[in-house]
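Here's the letter readout for the chains.
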Amino acid sequence: MQQMFSVWGALGARQRIVVLGATLAMILAVLGLTRLASSPNMSLLYAGLENGAAGDVVKALEARNVQYDVRGGAIFVPDADRDALRLTLASEGLPANSGQGYELLDGLSGFGTTSQMFDAAYWRAKEGELARTIVANPAIANARVHIANSTANPFQRDVTPSASISVTPAAGAISPQQARALKYLVSSAVPGLVPENVAVIDGKGGLIGAEADSPAGPTADDKALQLRDRVQRLMEARVGVGNAVVEVSVDTVTESELIRERSFDPDGRVVVSTDTEERSDKADSSGGGDVSVASNLPEGDGGGADASSSSKAETRERINYEVSETTREITRVPGAIRRLTVAVLVNGTYQTADDGTQTFVPLPDAELQALNDLVSSAVGFEEQRGDQITIRSLPFERPEGLGTGPIDPSTSMFIGNIDLMRLIQMGVLAVVALILGLFVVRPVLASSNGEGAAMLPAPAGDDGTVLDGEVEPAGGFEDLPMVADGGGFGGMGMVDFDMPGEEGGLGGEDPVDRLRNLIEERKTETVEILRSWLEEDKESAQ
């Protein structure tokens, strides 16, 4: 303690300020490290709650004496207690859902409730139930549903309902696939509502899903994802989970096409109609003879008159033929598969040798061919279309497989979850404390030791060796204290001649005379000390 006071007294005013500032900084750094080490890891409990619901949750946490932190509308609790708190608060109905559903209809009674009031409450309950269903998705933090439906007016015609959905994603933005799913969800719950009349609005990305609406059906990405899932399930059933990677590329037709085709077959004739006409013509003629006496007799031959007859028959047939004709009209819409490629990477097995080395063994060709046939059947392979399937058995980057093994407490110093940000903060504070200690406090203390009285090496003993610890000079001085640090003089012990001895001096002898005697006795060492002082002065001047 006496040495500390002596060091403090030897410091100047500026050095004392530096020491006090460094000491305060070190105390704050140690307090910060202690606070970080003692405070638990905070994780998100609830976010996006209304003020009333958030206040109820905070009251419940205070009643349980649970440490919590509110950051911009989000409530954080210790990571170890988060799951238990969620289950416990849910059993108590917390947080209270702001959007009410069909429970609104429970408060309606038959007395004093008109049809308009019931319709308004019904559609309000419908919107609340749909909002609850949408918020149940982990990717969506908040949602509101608005349905514009016609009233039960019998005189209204051709009025179709419409709806809009306002969503706030938990992270990122809502994808077009998710927007399309939300449209079908709402349209399926409202009679007469079609997905095209549902608008999805994202607070971050605006109107979404409108450009993805297409009457042609699913897009190329949807088809590729569907086929990849099929092949992935098929491969994992054989090689195991994590031992197969499947990628599917679908090239679809993006343009629409209308084809009209008309063809004639000259060799193929078809009788359309037959027309048959028959005509018959018959004529008889007789000529008169000469008039004589014989023709006037009752039994006379009449004088031999001439007679003639004629007949004519005609048949006409007309057959109408039609040449064979084929007319086709083909409409090709976007979305048809033009080409399909499938790439499958399969992990093999590993054989362990006697020395412990592992050798990769790919799957045999027969098994790869069998997998190829299965994949062909799953994706609808067509060789004429130019489809291609590639299956290779290659080693994965981590042959030990996916996942991590259990932590052995005897071999690891970290047990449980490790917070990387907390480790970084503690490391920064530790570095700050180390820098303050090495580059501020230590130089100040070292410079204070060099500002004391002039020191000279201790005299040698009778055998020519330098005495260590205590000096016993020739004058009979005893118990002369020594200073361990010699200011850089080769580690030799130093004697402080300013320390009072008996009767006002060092053993009653004048310090100046004692110094002269030591210089006379040890001239060589005195020259070395003076030379070292001169060199130090030159270095400090530079």
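Parameters at a glance
- Residues numbered from 1 in each chain as written.
- Predicted model: local features only at pLDDT ≥ 70, side-chain atom pairs only at ≥ 80, totals over all residues.
- Heavy atoms only, no water.
- Helix = DSSP H or I, 4+ residues; strand = E, 2+ residues; numbered from the N terminus.
- Buried < 20%, exposed > 50% of the residue type's maximum accessible area, 1.4 Å probe, protein only.
- Contact = heavy atoms within 4.5 Å.
- Areas by Shrake-Rupley, 256 points an atom, 1.4 Å probe, with all protein chains shown as cover.
- Pairing = 2+ DSSP bridges.
- Axes fitted to C-alpha atoms, helices over the stretch in contact; angles between N-to-C directions.
- Parallel < 35°, antiparallel > 145°, perpendicular 65-115°, else oblique.
- Left-handed = near helix turned anticlockwise from the far one by under 90°.
- Nonpolar A, V, L, I, M, F, W, Y, C, P; charged D, E, K, R; others polar.
- Phe/Tyr/Trp six-rings, centres within 6.5 Å; stacked < 30°, edge-to-face > 60°.

Describing the overall build of the protein
- Regarding its fold elements, the protein presents 11 helices and 17 strands.
- Expressed as a percentage of its 542 residues, the buried residues of the protein come to 23%.
- When contacts within the protein are restricted to residue pairs at least 6 apart in sequence, long-range pairs at least 24 apart make up 69% of them.
- Taken as a whole, the protein presents about 37400 Å² of accessible surface, with 53% of it coming from carbon and sulfur.

Looking at the sheet that holds strand β4 (residues 140-148)
- Ordered by their spatial adjacency, 4 strands build an open sheet running β4-β5-β6-β7, and the pairing between neighbours is mixed. With partners counted over all chains shown, the strands left at the sheet margins are β4 and β7 (206-208), one partner each. Taken over all neighbouring pairs, the strand axes of this sheet differ in orientation by 25° on average, direction set aside.
- Summarising the sheet, strand β6 (residues 198-202) and β7 pair through 3 bridges and their orientation is antiparallel. From the neighbouring strand, aspartate 202 faces β7, where its bridge partner is glycine 206.
- Lying on the sheet, helix α5 (residues 115-135) is in contact with β4 and β5 (162-169); it crosses β4 at an angle near 150°.
- In the packing of helix α6 (residues 176-189) onto the sheet, the strands contacted are β4, β5, β6 and β7, and the crossing angle to β6 comes to about 135°.

Re the sheet that holds strand β11 (residues 337-346)
- Reading across from one edge, β8-β11-β14 is the order of the 3 strands in this open sheet, with mixed pairing throughout. Sheet topology places β8 (244-252) and β14 (388-393) at the edges, where each strand pairs with a single neighbour. For this sheet the average axis-to-axis angle between neighbouring strands, irrespective of direction, equals 10°.
- Strand direction decides the pairing type here: β8 and β11, joined by 9 bridges, are antiparallel. When the bridges of β11 are listed, glutamate 247 appears paired with alanine 343.
- Running over the sheet, helix α8 (residues 365-379) touches β11 and β14 and is turned about 145° from β14.

What about the packing of helix α7 (residues 220-239) against α8?
- At a closest axis distance of 10 Å, the pairing of α7 and α8 adopts a crossing angle of 150°. Judged on the interaxial angle alone, α8 and α7 are roughly antiparallel. The handedness of the crossing between α7 and α8 comes out as right-handed. Each of Leu227, Arg230, Val231, Leu234, Met235 and Arg238 in α7 lies in contact with α8, whose residues at this interface are Glu367, Leu371, Leu374, Val375, Ala378 and Val379.
- Taken together, the residues of the contact of α7 with α8 sort by class into 9 nonpolar, no polar and 3 charged.

A closer look at the environment of arginine 35
- Residue placement: arginine 35 occurs in helix α2 (residues 13-38).
- Given a relative accessible area of 61%, arginine 35 falls into the exposed group.
- Residues arginine 35 and methionine 426 lie 391 residues apart in sequence; the distance between their C-alpha atoms is 10.0 Å.

A short note on the packing of aromatic side chains
- Summed over the entire model, instances satisfying the criterion amount to 2 aromatic pairs.
- A ring pair is formed by tyrosine 122 and tryptophan 123, whose centres lie 5.3 Å apart and whose planes are at 75°; its orientation type is edge-to-face.
- Measuring from ring centre to ring centre gives 5.3 Å for tyrosine 350 and phenylalanine 360, while their planes differ by 65°; the resulting arrangement is edge-to-face. One end of the pair, tyrosine 350, is in strand β12 (residues 349-352); the other, phenylalanine 360, is in strand β13 (residues 358-361), with 10 residues separating them in the sequence.
- In this structure tyrosine 350 comes out as partly exposed when scored by relative accessible area, which is 26%.
- In this structure phenylalanine 360 comes out as partly exposed when scored by relative accessible area, which is 21%.

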